[in-house]
Amino acid sequence: MKIAFITSHIYKSTQWKWFSEELLHRDIYHIHIIIADDYPLMADELKKQGVRVYVLDHLSKFSLIINLVKIIKILKQEKINLVHTELPYGNLLGQTAALLAGIKRRISTCENTSWAIDHKNRKQLWIDTLTYRLAKKIIVLTDLSKEYLINNYKLQEHK
């Protein structure tokens, strides 16, 4: 199995370092694609562990199209067969790129289930809706979050 983690809006995270440590311990190949408007410190931490890291600059709305093409190319070049996405552009571009690259195993983590609706943010609502439709599996932190997604986004329980 070859895994690609695709994230955005994150600059330092112990969580991803721990994930990589465990995957490396199990000899599971993985890469990390980070979409950022500033260089993320976690990129250096992951590289020190031996993880291949791709940092894609997000400079404007046009960066979304450019980065989508770059991600598709990376996924194909690395022969990735499982994509795990998190956070706005990680989800939007990662899930879309994985679909376009023909990757069937697509997972998304949803940590703040109600944010888009609570803050009446149409852009985030659109991103979340698309992400949940494209992802084959969605990881939520609580049963309450699961019920929220089922009721508000009309998702199947098995997802």
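Whatever comes next refers back to the structure up there.
What counts and what doesn't
Residues numbered from 1 in each chain as written. Predicted model: local features only at pLDDT ≥ 70, side-chain atom pairs only at ≥ 80, totals over all residues. Heavy atoms only, no water. Salt bridge = Lys/Arg side-chain N within 4 Å of Asp/Glu carboxyl O. Buried < 20%, exposed > 50% of the residue type's maximum accessible area, 1.4 Å probe, protein only. Helix = DSSP H or I, 4+ residues; strand = E, 2+ residues; numbered from the N terminus. Phe/Tyr/Trp six-rings, centres within 6.5 Å; stacked < 30°, edge-to-face > 60°. Lys NZ or Arg CZ within 6 Å of the ring centre and 35° of its normal.

1. Side note on the pattern of salt bridges
1) Next: Across all of its chains, the model carries 4 salt bridges by this definition.
2) Next: Between arginine 26 and glutamate 22 there is a salt bridge, with the nearest N and O atoms lying 2.6 Å from each other.
3) Next: A residue is classified by how much of its surface remains accessible, and arginine 26, at 56% relative accessible area, is exposed.
4) Next: The salt bridge involving glutamate 78 is made with arginine 52; its shortest N-O contact spans 2.8 Å. Here arginine 52 lies in strand β3 (residues 52-57) and glutamate 78 lies in the loop between α3 (62-77) and β4 (82-86), a separation of 26 residues in the sequence.
5) Next: Take arginine 52: its relative accessible area is 44%, and that puts it in the partly exposed class.

2. As for the packing of aromatic side chains
For any pair of aromatic rings, the description consists of the separation of the ring centres together with the inter-plane angle of the planes.
1) Next: Within the structure shown, the criterion is met by 4 aromatic pairs.
2) Next: Pairing tryptophan 16 with phenylalanine 19 gives two aromatic rings, centres 5.2 Å apart and planes at 90°, and the pair type is edge-to-face. Taken as a pair, tryptophan 16 and phenylalanine 19 lie in helix α1 (residues 14-25) at a separation of 3 residues, close to a single helical turn.
3) Next: On the basis of relative accessible area, phenylalanine 19 is assigned to the partly exposed category, the value being 36%.
4) Next: Through a chain of ring-to-ring contacts, the aromatic side chains of Phe5, Trp16 and Phe19 assemble into a single cluster.
5) Next: Lysine 2 extends its terminal NZ or CZ atom over the ring of tyrosine 29, reaching a point 5.2 Å from the ring centre.

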